[in-house]
Every structure is written in C-alpha cells, then in structure tokens.
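Listed below, chain by chain, are the residues.
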Amino acid sequence: VIFNRLAAREIVVMVKNYRGRFYLPDWFNNIPFWDVNQGYQVKLNRADRLWITGDEVAADRPIPLPEGWSMVSYFPDVEVQTETAFANIAEQLILVKDEDGNFYLPEFEFNGIPPLHRGKGYQVKTSEEVELVWNVEEDERQASQPVIQPDPTHLVSVTHTGRNMSVLLQDVKFEGEVGVFTENGLCVGAAVLTRGDVGLAVWGDDPTTDVVDGAVDGEALTFKVWADDIEYEIALNLVKGESVWKLDGLLIGSL
C-alpha cells in the first residue's frame with residue numbers, strides 16, 4: 001500500500017528491510033507490514049518522491065535494536081549531529097552508516113555522516129540488544145563536526161549500488177585523491193584526501209543488474225593515489241580488517 005502509487009507507474013524495482021525480506025512489484029512480497037521504526041532500502045529506475053500520510057510519529061518513540069545490524073528511521077523534526085543523536089546508546093554503538101556510505105565509527109572518533117534528518121534511514125550496528133531513543137539535546141561537550149569531503153574528479157568511483165563496506169584511512173599526511181580498485185581495474189570507491197582521517201565507502205556488485213558494477217565478496221582490493229598530477233599504486237598499513245571486499249565490512253589502515 002505504501003508504494004502503490006510508485007509501483008503503478010512502474011518506478012519501483014525493489015524494496016528491502018534490514019532482515020533481507022523484499023518486495024518486487026507484481027512478483028513477490030514477504031515484508032509482512034510497514035514498521036515505522038525501520039528504515040528501508042528502495043531501488044527506483046528513476047528519481048521520484050514518496051509521500052506517506054498518517055499520524056506523526058513521536059520523536060522520542062523507543063526503537064528496540066537487536067545485537068548486530070539494524071536499519072532505523074530518524075523521527076525528530078530537527079537536524080542533529082550523529083554523536084548527539086545516538087548518545088543514549090553510546091556504549092553499545094559500533095558503527096552507523098547512511099545510504100551514501102558515509103559512516104560514524106565511535107571507537108576511532110571518526111564521523112563522516114552529515115547531520116541526521118527526518119526522511120532518512122540509517123544502518124546501525126550494536127554490540128548487544130539495546131533500546132534507542134533519539135536524543136536532540138546537546139550535552140556539555142560539543143559534538144564533533146562531521147568530515148564532509150568534496151567529490152574526487154580524477155579517480156571516480158562507480159555509482160552507489162546499495163551494498164558497501166567502510167574504509168577509514170588514518171592520519172593522512174598529504175593531499176590528493178585515493179581510489180579503491182577491483183582485480184579487474186574497476187574503481188569501486190574514491191575520496192579526496194585531506195590531512196587527517198579520511199573515510200570512504202567501497203561499493204559491491206548490485207545483483208539486480210546484468211553487469212558487474214562493483215566488487216564481489218572476497219575480491220582483493222588495491223589502492224591508488226593521485227597527487228601532484230601523478231597516479232600510482234600505494235600500499236596500505238593495516239590496522240584492522242583485510243584488503244578484500246566484504247558486505248558491511250570494515251577496513252582501517254594508513255597510507
């Protein structure tokens with residue numbers, strides 16, 4: 001019912017929830033009902049807008065989260081920094097991602113997610129079962145500002161495929177661009193390098209298309225840097241993880 005109008009215009013390709021249940025218009029649906037607590041992945045064949053009418057959800061509505069990954073809706077009508085929004089589960093929070101692959105990694109004090117706002121869903125990984133209540137009140141300690149990077153122009157990544165892993169490059173000491181490449185030479189992630197920590201998403205193959213448009217599970221990844229008009233491969237000193245693609249994986253290292 002939620003997607004009737006878009007489906008009638010043959011715009012909806014697929015809808016998925018965090019359990020992997022999915023809706024294929026005119027074919028199949030095993031998502032039992034719309035859960036306002038959840039965020040959903042939606043693939044369209046062209047840009048459009050989804051309108052939902054009904055009662056407004058209370059900003060402080062509790063959201064029960066299982067151990068591991070969830071996908072949640074953001075309820076408040078004010079924009080809030082990620083660190084502030086998740087304050088009440090700070091001890092259990094491992095990783096947060098938005099639909100663009102930007103991520104917040106509390107353990108390493110890195111945040112690349114723009115302020116949270118209504119209409120968005122967020123992937124959340126927790127260390128145990130916990131109840132999330134969105135926090136909009138700043139504490140005495142000012143929340144850190146997200147690291148927002150411009151799009152690279154030389155090393156250009158594939159478009160978002162809906163499946164990614166997160167890469168954190170620590171303590172970068174030079175400026176330029178970095179790209180992540182598959183064994184077949186496909187650039188599946190790229191970012192502008194600034195001094196300090198840099199985060200980027202590495203995109204996996206979209207199985208709903210007929211072409212390989214991202215990395216496949218277990219595929220080795222190599223890194224290239226473009227700086228001072230020179231492009232060259234560069235080794236990564238690993239801190240955590242491996243230089244292979246894994247859905248929702250985490251790789252931390254230094255150039």
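Residues numbered from 1 in each chain as written. Predicted model: local features only at pLDDT ≥ 70, side-chain atom pairs only at ≥ 80, totals over all residues. Heavy atoms only, no water.

(A) Summary view of the overall build of the protein. A tally of regular secondary structure across the protein gives two helices and 19 strands. Whereas a compact globule of 255 residues would reach a radius of gyration of roughly 18 Å, the protein reaches 19 Å, a difference of no more than 12%. Viewed in the frame of its principal axes, the protein has a C-alpha envelope of about 55 × 50 × 30 Å. Buried positions account for 42% of the 255 residues belonging to the protein. Residue pairs in contact within the protein that sit at least 24 positions apart in sequence constitute 68% of those at least 6 positions apart. In the structure as shown, the protein presents an accessible area of about 14,300 Å², 48% of it carried by carbon and sulfur atoms. Computed over 20 positive and 42 negative side-chain charges, the inter-centroid distance for the protein is 5 Å. (Helix = DSSP H or I, 4+ residues; strand = E, 2+ residues; numbered from the N terminus. Rg over C-alpha atoms; globule rule 2.2 N^0.38 Å. Buried < 20%, exposed > 50% of the residue type's maximum accessible area, 1.4 Å probe, protein only. Contact = heavy atoms within 4.5 Å. Areas by Shrake-Rupley, 256 points an atom, 1.4 Å probe, with all protein chains shown as cover. Lys, Arg positive; Asp, Glu negative; His and termini not counted. Charge placed at Lys NZ, Arg CZ, Asp CG, Glu CD.)

(B) Focus on the sheet that holds strand β8 (residues 103–105). Spatial ordering of the open sheet is given by β6-β10-β7-β8-β9, a layout of five strands whose pairing is antiparallel. Each having just a single partner strand, β6 (68–73) and β9 (110–111) make up the two edges of the open sheet. (Pairing = 2+ DSSP bridges.)

(C) Quick peek at the confidence of the model for the protein. In the predicted model, the protein carries a mean pLDDT of 91, and 98% of its residues have values of at least 70. The least confident element of the protein, judged by mean pLDDT, is helix α1 (residues 4–8) at 90; the most confident is strand β7 (residues 93–97) at 97. (pLDDT = per-residue confidence, 0-100.)

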